[in-house]
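# Chains, contacts and geometry: an overview
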Amino acid sequence: MFLDTLQQFCLRQSNKIAIEFVDEHFARAKRVRYGELEQIVLRTMAMLRVRGVGPGDRVAIQLPKCLPFVYLHLAVMRLGAISLPLNTGYPARELAYFLGDAGARLYFGDAAAQDAVSPALAGLPALTEAIFLDCTSNADFDKLVDPLLPEDAAGIRTPADPDATCLMIYTSGTTGQPKGAELTHGNLTANLASLHEAWGWQNDDVLLHVLPIFHVHGLVVALHGALNAGATTVMHRRFDPAQALATLVQRPCSVFMGVPTIHRRLVDAAAANPVSLRHLRLITSGSDRLPDDLFAAFEATFGYRLLERYGMSETSMLISNPLHGERRVGAVGLPLPGVEVRIVDPETGALLPADTVGEVQVRGANVFKGYWRQPEKSAAAFTADGWFRTGDLGMCAPDGYYTLKGRSKDLIISGGFNVYPPEVELVLADHPAVAASAVIGCPDAEWGERIVAVVVAAPGMTVSEQEIIDYCRAHLVHYKAPRTVVFVADLPRNAMGKVQKAELRQQFCA
Ligand code: MLC
């Protein structure tokens, strides 16, 4: 399994750099060798065990991108507990929901956000301790693990059960509150094996890592991918196009992963000083559709043909353009090894022939176990014969390449982050001056889609666009807040009373 593979690398190549962490707060990059990684993870496991963390416990990590995040995440999983990474942008309202729903036993948060998040930590019966770390240095974390020795973790066995959950990622949905997708050791291991084969991960790869590590893309595909190959990760705390380009060229790196917004910014940054990225072995794009014009602009600017791939939190990676072979513009590629994909009629479930649009359904050892404590929603996510319904629409060309053609669910993707309109509409419904609302995504060159709220004001109430935006920002993570608010007298509805979002998009996305 993945954690065993990683441990083997830690023992066999103890002097090799596992992660080089680059942060504007540090005068020099912090380098962690594979051998040190093993020692720190063992001490972190001991620290967690002292705090009573055991198999199955949920440990929330809401830290900025930093090395302690990585240590905690790996240690939690190796203890048999469940790592619950959370975006630092979640305001108290959303955080309280995640911690309560997951029944988190321990919470690690950013010292800089202690006052803001504290209200969310009250009244959580399962939570035994909240630990705040200043992540502008590693000093706070060192204090936690300093009293412990790697030997203190002796006797802790990494779970051998591939079906044990080790990672929980919250995803929203078209109805109700976000759900925790449970990924198991077996899921992660299977997907890493697929990607290792398909993308030809090599031990001497150097990955430039600029993505957030609270999501599948940055955490599982990128970071785990590199660790699983015993490769080196150069980790930037945040994405800065100029700094990323300089590193890609000077280091030199061999692997880079981004979302379309990141690739767009790289292209813009290189406009004045074009550079070649032909020396890279692999540059991937995912988490959102890669626009055709960006695919072309990236190739024209850097001389590199992006490899687009497709995945989800529930499944990790599913379909990818080939490393060797045609990287087809507009297509997400071919099913990864070990992943089965089919296109079915969303109404009847009948298999559809090539070149016909239907729902994308998938099956494989990479597909998650289900949603945390949501048996009905978990059951509904699968067909009777065990295929996971992605909710995405797509079709398969006669030569096996898949193309995505939209979504059967109400979902907006902004800068690679998923936003489910009902979540934003629920927050808007709590505003006293809002009688009704509909949230739509409008095409946007930078973000892919931009969030627009169409609002009907409550009778006799006046409210400004900015007030609505500020209200959403106070109650939702930043990327879910609308960028534009338009006021209407009524929302267009069909005979069933359902808001006609297509009509709103036509009217307000111009
Ligand atoms: C930042 N902002 C966003 C945003 N990211 N707004 C909408 N959508 C987003 N995604 C806001 C900021 O709050 C800020 O608002 C303003 O935009 C400009 O900020 P910035 O500093 O320019 O943004 P930055 O921090 O650089 O972030 C941009 C980004 C980031 C593209 C680097 O969004 C990002 O890391 N995206 C990657 C998402 C990702 O990893 N998804 C994987 C999901 S897993 P203001 O108004 O305060 O200035 C998954 C499965 C799979 O989907 O297949 O991969």
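Every residue gets a number counted from 1 within its own chain, in the order that chain's sequence is written. Where local features are concerned, this predicted model is filtered to residues with pLDDT of at least 70; where side-chain atom pairs are given and counted, the filter is 80 or more; whole-chain, interface and lining totals use all residues. No hydrogens and no water enter the side-chain calculation; it runs on all heavy atoms of the structure.

## A word on the packing of helix H3 (residues 67-78) against helix H8 (residues 216-228)
Under this scheme, a helix contributes an axis fitted over its contacting stretch, all axes are lines through C-alpha atoms, and angles between N-to-C directions fall in the 0 to 180 degree range. By the criteria applied, helices consist of DSSP H or I runs no shorter than four residues and strands consist of E runs no shorter than two, each listed in order from the N terminus. Two elements in contact, H3 and H8, have axes separated by 13 Å at closest approach and are oriented at 80°. In this view, H3 runs roughly perpendicular relative to H8, as classed from their interaxial angle. Where H3 approaches H8, its residues Val70, His73, Leu74 and Met77 are matched on the opposing element by Leu219, Leu223, His224 and Leu227. In this classification, the charged set is Asp, Glu, Lys and Arg, the nonpolar set is Ala, Val, Leu, Ile, Met, Phe, Trp, Tyr, Cys and Pro, and all remaining amino acids, among them Gly, are polar. Residues of the contact of H3 with H8, tallied by class, amount to six nonpolar, two polar and no charged. Angle categories: roughly parallel below 35 degrees, roughly antiparallel above 145, roughly perpendicular from 65 to 115, and oblique for all the rest. Two residues qualify as a contact provided that any one of their heavy atoms is within 4.5 Å of a heavy atom in the partner residue.

## So, the state of the cysteines
Note on disulfides: each one is a pair of cysteine sulfur atoms within 2.5 Å. For the structure on display, the rule yields one disulfide. Here cysteine 442 engages in a disulfide with cysteine 509; their sulfurs sit 2.0 Å apart. Judged by the sign of its S-S torsion, about -70°, the bond between cysteine 442 and cysteine 509 is left-handed. In this pair, cysteine 442 sits in strand E23 (residues 434-444) while cysteine 509 sits in the segment after helix H15 (501-508), placing the two residues 67 residues apart along the sequence. Only protein chains enter the area calculation, which uses a 1.4 Å probe; residues under 20% of their type maximum are buried, those over 50% are exposed, and those in between are partly exposed. Relative accessible area serves as the criterion here: at 0%, cysteine 442 is assigned to the buried category. With no disulfide partner, cysteine 472 has as its closest neighbouring cysteine sulfur the one in cysteine 442, 15 Å distant. With relative accessibility at 0%, the residue cysteine 472 sits in the buried group.

## Topic: the layout of surface pockets
Approximately 570 Å³ is the volume attributed to the second largest pocket. What lines the second largest pocket is a set of 29 residues, and nearest its centre among them are Asp410, Val439, Ile440, Lys501 and Arg505. Secondary-structure elements contributing two or more residues to the lining of the second largest pocket are helix H13 (421-429), E23 and H15. For the lining of the second largest pocket, the element with the most residues is E23, which contributes ten residues. Here a cavity means grid points, on a 1 Å grid over the protein atoms only, where a 1.4 Å probe fits yet cannot get out; a pocket means an open set of points with protein on both sides within 12 Å along at least five of seven lines; lining residues are those with an atom within 4 Å of a point. Grid points are joined across faces, edges and corners, and a volume is the space filled by probe spheres set on the points.

## Focus: the environment of arginine 309
Mapped onto the elements, arginine 309 comes out in strand E13 (residues 307-312). Residue arginine 309 is classed as buried on the basis of its relative accessible area, which comes to 4%. Separated by 85 residues in sequence, arginine 309 and glycine 394 place their C-alpha atoms 14 Å apart. With residues near it in sequence (within four places) discarded, arginine 309 still touches Trp199, His217, Ser285, Gly286, Ser287, Met317, Ile319, Ser320 and Val332.

## Quick word on the sheet that holds strand E11 (residues 255-258)
A pair of strands is considered paired only if DSSP assigns at least 2 bridges between the two. Here nine strands make up an open sheet; going across it, the order is E2-E1-E10-E9-E11-E12-E13-E14-E15 and the pairing mixed. Strands at the two margins of the open sheet, each flanked by one partner only, are strand E2 (30-33) and strand E15 (334-335). Here strand E12 (residues 282-285) runs beside E13; their pairing, made up of two bridges, is parallel. The partner of serine 285 across the bridge, within E13, is glutamate 308. Most of the contacts of H8 go to strand E9 (residues 206-209), to which it runs at about 160°, and overall it touches strand E1 (17-22), E9, strand E10 (232-236), E11, E13 and strand E14 (316-320).

## With respect to the nonpolar core
We define a nonpolar core as any set of buried Ala, Val, Leu, Ile, Met, Phe, Trp, Tyr and Cys residues linked to one another through side-chain atoms lying within 4.5 Å. Judged by nonpolar contacts, the single largest core of 162 residues is most densely connected at Leu37, Leu48, Leu74 and Phe108. Here this core spans two domains, and each of domain 1 (2-14 + 27-160) and domain 2 (411-508) adds at least three residues to it. Leave out the neighbours within four places in its chain, and leucine 74 touches Phe2, Leu3, Leu6, Leu37, Val41 and Leu227. Val452, Val456, Leu491 and Cys509 belong to the second largest nonpolar core, which has twelve residues in total. An automatic or database domain assignment provides the domain bounds reported here.

## Some words on the site of the ligand
Surrounding the ligand, one finds 23 residues, the nearest of these being Ser287, Arg309, Ser414, Arg473 and Arg483. Taken together, the residues that form the shell around the ligand break down as nine nonpolar, nine polar and five charged. Near is defined per residue: the residue qualifies when any heavy atom it owns lies within 4 Å of the molecule or strand.

## Some points on the domain arrangement of the chain
Taken domain by domain, the chain consists of domain 1 (2-14 + 27-160) and domain 2 (411-508). Between domain 1 and domain 2, the C-alpha centre-to-centre distance is 36 Å. With six residues of domain 1 at the interface, the matching set in domain 2 holds eleven residues. Summed over both partners, the accessible surface that disappears when two parts come together, traced with a 1.4 Å probe, is what is meant by buried area. With both sides pooled, the region where domain 1 packs onto domain 2 buries about 620 Å², and carbon together with sulfur makes up 46% of that total.

## Description of the side chain of serine 285
As for its position among the elements, serine 285 is in strand E12. Not counting the four nearest positions on each side in its chain, serine 285 is found in contact with Gly258, Val259, Pro260, His263, Leu290, Leu307, Glu308 and Arg309.

## As for the packing of aromatic side chains
Under the pairing criterion, centres of Phe, Tyr and Trp rings, with the six-membered ring standing for Trp, must be within 6.5 Å; the plane angle then separates stacked pairs below 30 degrees from edge-to-face pairs above 60, leaving the rest tilted. Following the criterion strictly, the structure yields 14 aromatic pairs and no others. Taken together, a centroid distance of 4.7 Å and an interplanar angle of 55° make the contact between phenylalanine 298 and phenylalanine 302 tilted. Of the two residues, phenylalanine 298 and phenylalanine 302 are both situated in helix H11 (residues 292-302); the distance of four residues between them amounts to about one turn of the helix. Phenylalanine 302 shares its class with phenylalanine 298; the two are buried. Each member of the aromatic cluster is reached from another via a ring pair, and the members are Tyr90, Tyr97, Phe98 and Tyr170. Look at NZ for Lys and CZ for Arg. If either is within 6 Å of the ring centre and within 35 degrees of the ring normal, a charge sits over the ring. It is lysine 179 that lies over the ring of tyrosine 371; its NZ or CZ is 4.8 Å from the centre. Cation over ring: arginine 328 sits above tyrosine 401, and NZ or CZ is 3.8 Å from the ring centre.

## Examining helix H14 (residues 465-475)
One turn of the α-helix equals 3.6 residues, which is why residues spaced by three or four share an orientation. Of all the residues in H14, the buried ones are Ile468, Ile469, Tyr471 and Cys472. Taken end-on, H14 shows its buried residues confined to a sector of 160°, consistent with a single buried face. Contacts made by the buried residues of H14 are with H13, E23 and strand E25 (484-487). The directions from the helix axis to the C-beta atoms are what the arc is built from.

## Examining the sheet that holds strand E17 (residues 358-363)
Here four strands make up an open sheet; going across it, the order is E16-E17-E19-E20 and the pairing antiparallel. Each of the sheet's edge strands pairs with one partner strand only, and the pair in question is strand E16 (340-344) and strand E20 (402-407). For this sheet the average axis-to-axis angle between neighbouring strands, irrespective of direction, equals 50°. For E17 and strand E19 (residues 388-396), the ladder comprises four bridges, and the chain directions are antiparallel. Bridge pairing links glutamine 361 to arginine 389 in E19.

## Details of H11
Burial in H11 covers these residues: Leu294, Phe295, Phe298, Thr301 and Phe302. Projection of H11 onto a plane perpendicular to its axis shows the buried side chains occupying an angular sector of 140°, all on one side. Contacts made by the buried residues of H11 are with helix H9 (241-250), helix H10 (260-270) and E12.

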